[in-house]
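# Residue-level structural notes
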Amino acid sequence: MSSIYTGPVFEMARNQFSHVADYLEIPHSQRDRLLYPKRAIAISCPINLDNGETAVFQGYRVQHHLTLGPTKGGTRFAPSVDVGEVAALAIWMSWKCALAGLPYGGAKGGVTVDVHSLSKRELESLSRRYMQEMIPFVGPYIDVMAPDMGTNEQVMAWFMDTYSMYQGRTVNEIVTGKPVSSGGTEGRREATGLGVAHLVGRALEKIGLEPAKATAIIQGFGNVGSYAALELARQGVTLIGVSDHTACYYDPKGLDVDALLKHAEKHGSLRGFSTEAAFDPNEILSQPCDVLIPAAIERVIDEKVAPKLRCRILAEAANGPTTPEADEILDQRRDEIFVIPDILCNSGGVIVSYFEWVQDLQQLFWRRAEVINRLKDLLDDAFGRVMARVEKDKVSHRMAAMAIGVDKVAKAKATRGLFP
Ligand code: NAD
């Protein structure tokens, strides 16, 4: 079938789906209905720049399927954003929500922009204009946005405020990942990184390695990477390598996580943290370590990097960090490398977003401990189901996780039937 969805990231999502569909023996006649997004919205967002000129940014929202409930997914502000990438991310969200047992289809949105080139006022204008253009297509029971790369709690608060102004009342259930002061939930900010660290703990148990004897390397030190680093350090894991888009550091004796966090908070990035520990960012992923955590962008582990990995656990905190070609290599290295696939590894974010939505709808707010306990409970449940499927069918961890997600959506579509 020909479609508007093109590019390497969409091809990756399509290719993965096709492998899973083969394994699940889904008839070919049902595959397009499962894979192709229900809706894609493309908008132009004009804003006034500080220099008096007007700039127009392209924005997108893709809603993958409406079978299990509203759609749910982040909003990415990044130069790479195009409709194919957004669609792939929406599709992965669907399998992720289904694996975690959440009543959502997947969605994703984004604007093609380098946020570092905008002033705070320009970012606010763009965020508000994006939400305003999307109002006809979203809603608390239709499609609920959240943050992703390049967006944060502040952007979510602007989204919520803009939507609410048009409704004439406060509708904080329209987005998740908001500040706690504006209807956000305790625990959301750290949820994804904390979930990554919790699952790394479960994987360490499986391979029989104590956290205090383990080392980790993290690529990306934004929301996910920094909280994963903090939580792993609390568990006793030694961080020996870290990078972001400005700098890369490696020290086999260990890096000071608190100092890295303070530096990133003060300067907005890792640039200038240390001269002694500076390292080649192209080599960081292949340094020996127990836990490797890509927590930045897609497709960083390709067929050239995969054979060189020297980790025992690959915890995919980013979405789509491993290409299908690299995945084949990892499959051959199954006994050496324990993969925590992205749709499981980073699902802490959407799980706590779901808790936030539930609390906003009920206007009944939970304490942090309750949020974190429920988060760990759902993660443990998903981890257990993935491990059971691996054991039963002798498939890779990724295949098991994706199969559970795809199977759930396929069964729901089959039982609902085709309207009219
Ligand atoms: P963020 O914008 O807060 O941070 C991204 C980090 O990646 C920054 O430190 C940036 O400098 C770094 N980075 C960018 N390009 C890089 C490169 N080429 N090499 C090394 N570092 C690079 O984003 P985030 O919210 O932390 O998201 C990171 C990843 O996790 C994305 O793939 C996102 O889709 C995924 N994710 C995020 C959440 C969430 O709740 N934030 C949930 C699930 C998945």
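Overview of the structure. Source: prediction; values computed, not measured.

## Remarks on the overall build of the protein
Assigned secondary structure in the protein consists of 13 helices and eleven strands. Taken over C-alpha atoms, the radius of gyration comes to 21 Å for the protein, in line with the 22 Å a tight globule of 420 residues would show. Seen through its principal axes, the protein has C-alpha atoms that stretch 55 × 55 × 45 Å. Counting the 420 residues in the protein, one finds 59% classified as buried. Considering only residue pairs separated by 6 or more positions, the protein has 69% of its internal contacts joining residues 24 or more positions apart. Where the 46 positive side-chain charges of the protein centre and where its 51 negative ones centre are 5 Å apart.

## Comments concerning the pairing of strand 2 (residues 54–63)
Within strand 2, seven of the ten residues are buried, leaving the element largely enclosed by the surrounding structure. Of the strand pairs in this sheet, strand 1 (residues 39–48) and strand 2 are connected by ten bridges, and their pairing is antiparallel. Its bridge partner being in strand 2, Ile 43 is matched across the sheet by Gly 59. With antiparallel pairing between neighbouring strands as the criterion, strand 1 and strand 2 make up a hairpin whose turn holds five residues, including Gly 52 at a positive phi of roughly 95 degrees. The pairing of strand 2 with strand 4 (residues 105–112) spans five bridges and is classified as antiparallel. From the neighbouring strand, Arg 61 faces strand 4, where its bridge partner is Gly 109.

## Digging into the nonpolar core
Across soluble globular proteins, nonpolar side chains show a tendency to be buried alongside one another. Trp 92, Trp 95, Val 196, Val 200, Ile 293, Ile 340 and Val 386 are the most contacted members of the largest nonpolar core, which totals 99 residues. If you look at the next biggest cluster of nonpolar residues, it comprises 29 residues, including Ile 43, Leu 49, Phe 57 and Val 111.

## Quick look at the site of the ligand
The full set close to the ligand counts 22 residues, and Asp 148, Thr 192, Val 224, His 245 and Asn 319 are the nearest of them. Asp 148 is positioned with one of its side-chain polar atoms (N or O) 2.8 Å from an oxygen atom of the ligand. The protein chains hide 82% of the 820 Å² of surface that the ligand would expose on its own. Elements that contribute at least two residues to the shell around the ligand include exactly helix 6 (188–207) and helix 7 (223–235).

The rules behind each value
- Residues numbered from 1 in each chain as written.
- Predicted model: local features only at pLDDT ≥ 70, side-chain atom pairs only at ≥ 80, totals over all residues.
- Heavy atoms only, no water.
- Helix = DSSP H or I, 4+ residues; strand = E, 2+ residues; numbered from the N terminus.
- Rg over C-alpha atoms; globule rule 2.2 N^0.38 Å.
- Buried < 20%, exposed > 50% of the residue type's maximum accessible area, 1.4 Å probe, protein only.
- Contact = heavy atoms within 4.5 Å.
- Lys, Arg positive; Asp, Glu negative; His and termini not counted.
- Charge placed at Lys NZ, Arg CZ, Asp CG, Glu CD.
- Pairing = 2+ DSSP bridges.
- Core = buried A, V, L, I, M, F, W, Y, C linked by side-chain atoms within 4.5 Å.
- Near = heavy atom within 4 Å.
- Polar contact = N/O pair within 3.5 Å; in protein donor to acceptor, adjacent residues only side chain to side chain.
- Areas by Shrake-Rupley, 256 points an atom, 1.4 Å probe, with all protein chains shown as cover.

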